[in-house]
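What follows is each chain in one-letter form.
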Amino acid sequence: MLRAIADVLRQIGGAIATVVTLPFRALARLLGGASGGARRRRV
């Protein structure tokens, strides 16, 4: 029983972590793409 509860809490924690980190990942991808594009233009 406790194992099932722990599994559910782990899944909920993983979902929350995904939702929280998603905007930061998108922002990093945008900034990384912009800087990568700038580097390519210089070369």
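Up top is the structure these notes are about.
How each quantity is defined
- Residues numbered from 1 in each chain as written.
- Predicted model: local features only at pLDDT ≥ 70, side-chain atom pairs only at ≥ 80, totals over all residues.
- Heavy atoms only, no water.
- Salt bridge = Lys/Arg side-chain N within 4 Å of Asp/Glu carboxyl O.
- Helix = DSSP H or I, 4+ residues; strand = E, 2+ residues; numbered from the N terminus.
- Buried < 20%, exposed > 50% of the residue type's maximum accessible area, 1.4 Å probe, protein only.

A. Seen up close, the pattern of salt bridges. Counted under the stated rule, the structure contains 1 salt bridge. For the salt bridge of Asp7 with Arg10, the shortest nitrogen-to-oxygen distance reads 2.9 Å. On the criterion of helical spacing, the pair formed by Asp7 and Arg10 is a turn pair, its members being 3 residues apart in helix α1 (residues 2–42). Classification of Asp7 as partly exposed rests on a relative accessible area of 37%. A relative accessible area of 57% places Arg10 in the exposed class.

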